[in-house]
Amino acid sequence: MEVQPSYRYSFSSSSLQYLLSQLKVGLPWERESLLMFGRSIQVPRQVAFVANAGVCYRYSGKDHLGTGWPEWLLPIKEEAESLAQQSFNAVLLNWYQNGEEYMGWHADDEKSLGPAPVVAMLSLGAQRPFLFRLKANHHIKHSVELEDKSWLVMSASTQVLWQHSLPIRKRIKEERISLTFRLLL
């Protein structure tokens, strides 16, 4: 599995608090509903999307339209591009209020991401396990502990060969926000 190791971002505590504050109040968060098996299901987390103006990202039957980047988010985007050694034009953010909110098994493999996308993720807040399982054999699994202020870069082959998830962890009471940077074609 080609997942680059976590990299600790050197936030000062005041800049981290500013970033978290900006993320919470400066973005249009929503709790989406998806149609699954003929029923509307509420997604177990809040979602926000930021991208270059006019960039559209469609996943799970929902369109997300970019309107441009807030200035305060550009340094984080530049850090993601430096770590992944490629440019990004979008970031999908997930806000988990506690360990009962989660992300099920999936791969970031929509056609708009190209045949083998690179995704750079910044994790802020509660430490949570991030699981990987091989698409060809779901018994082969790996776990990576995502610490506060850590980066995880998923290489091009990761989305092709693996699925990932953020499982429920009821004992975790703290929130977590993840920023997943991607290049939409």
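None of the values given here were measured: they were computed from a predicted structure. Per-chain numbering applies: the sequence of each chain, read as written, is numbered from 1 onward. Given that this is a predicted model, residues contribute local features only at a pLDDT of at least 70 and side-chain atom pairs are listed and counted only at 80 or more, while totals for whole chains, interfaces and linings are drawn from all residues. Based on all heavy atoms of the structure, the side-chain values leave hydrogens and waters out of the count.

(A) Examining the packing of aromatic side chains more closely. Any two rings among Phe, Tyr and Trp, with Trp reduced to its six-membered ring, count as a pair given centres within 6.5 Å; such a pair is stacked if its planes are under 30 degrees apart, edge-to-face if over 60, and tilted if neither. Considering all chains together, one arrives at 7 aromatic pairs under this definition. Relative to Tyr 59, the ring of Tyr 57 has its centre 5.2 Å away and its plane inclined at 40°; by these criteria the two rings are tilted. Here's how the labels work: a residue is buried when its accessible area is under 20% of the maximum for its type, exposed when over 50%, partly exposed in between, all with a 1.4 Å probe on protein chains only. Residue Tyr 59 is classed as buried on the basis of its relative accessible area of 13%. Within the aromatic cluster, the residues linked to one another by ring pairs are Trp 69, Phe 88, Trp 151 and Phe 181. Both a distance and an angle decide whether a charge sits over a ring: NZ of Lys or CZ of Arg must be within 6 Å of the ring centre and within 35 degrees of the ring normal. Here the basic side chain of Lys 77 rests over the ring of Trp 69, its NZ or CZ set 5.4 Å away from the ring centre. The ring of Tyr 96 carries Arg 128 above its face, with NZ or CZ at 5.6 Å from the centroid.

(B) Here's a closer look at unusual backbone geometry. The phi dihedral of Gln 85 falls on the positive side, at around 60°, and the residue is not glycine. For Gln 85, the location among the structural elements is in the loop between α2 (74–84) and β7 (90–96). For Gln 85, a relative accessible area of 70% gives the class exposed. Helix and strand definitions follow DSSP, with helices as H or I runs of at least four residues and strands as E runs of at least two, each counted in order from the N terminus.

(C) Up close: the sheet that holds strand β11 (residues 137–146). Pairing between two strands requires that DSSP report at least two bridges joining them. With antiparallel pairing, the 4 strands of this open sheet are ordered in space as β8-β13-β10-β11. Each having just a single partner strand, β8 (103–106) and β11 make up the two edges of the open sheet. Between one strand and the next, the sheet's axes are offset by a mean angle of 20°, whatever the strand orientation. Bridge count for β8 against strand β13 (residues 162–166) is 2 bridges, and the pairing is antiparallel. Counterpart to His 106 in the pairing with β13 is His 164. As a rule, the C-alpha atoms of each element are fitted with a line to give its axis, helices using only the stretch in contact, and angles between N-to-C directions run from 0 to 180 degrees.

(D) Quick peek at the nonpolar core. Counting residues in each nonpolar core, the largest one holds 27 residues, and the members touching the most others are Leu 23, Leu 73, Leu 93, Leu 179 and Phe 181. Secondary-structure elements contributing two or more residues to this core are α1 (13–26), β4 (46–51), α2, β7, β9 (119–125), β12 (150–154) and β14 (176–182). Looking at this core, the element that brings in the most residues is α1, giving 4 residues. Note on contacts: a residue pair is in contact if any heavy atoms of the two residues lie within 4.5 Å. Those residues within four positions of Leu 179 in sequence are excluded, and the remaining contacts are Leu 23, Leu 73, Ile 76, Val 91, Leu 92, Leu 93, Ala 120, Met 121, Leu 122 and Leu 124. Counting residues in hydrophobic clusters, the runner-up holds 11 residues, among them Tyr 96, Phe 130, Leu 152 and Leu 166. To qualify as a nonpolar core, a set must consist of buried Ala, Val, Leu, Ile, Met, Phe, Trp, Tyr and Cys residues joined through side-chain atoms within 4.5 Å.

(E) Expanded view of the pattern of salt bridges. Salt bridge, as used here: a side-chain nitrogen of Lys or Arg that lies within 4 Å of a carboxyl oxygen of Asp or Glu. In total, this model carries 7 salt bridges according to the counting rule given. The salt bridge involving Glu 175 is made with Lys 24; its shortest N-O contact spans 2.5 Å. On the criterion of sequence distance, the pair formed by Glu 175 in the loop between β13 and β14 and Lys 24 in helix α1 is long-range, its members being 151 residues apart. With a relative accessible area of 30%, Lys 24 lands in the partly exposed category. Its salt-bridge partner being Glu 101, residue Arg 31 comes within 2.9 Å of it at the nearest N-O pair.

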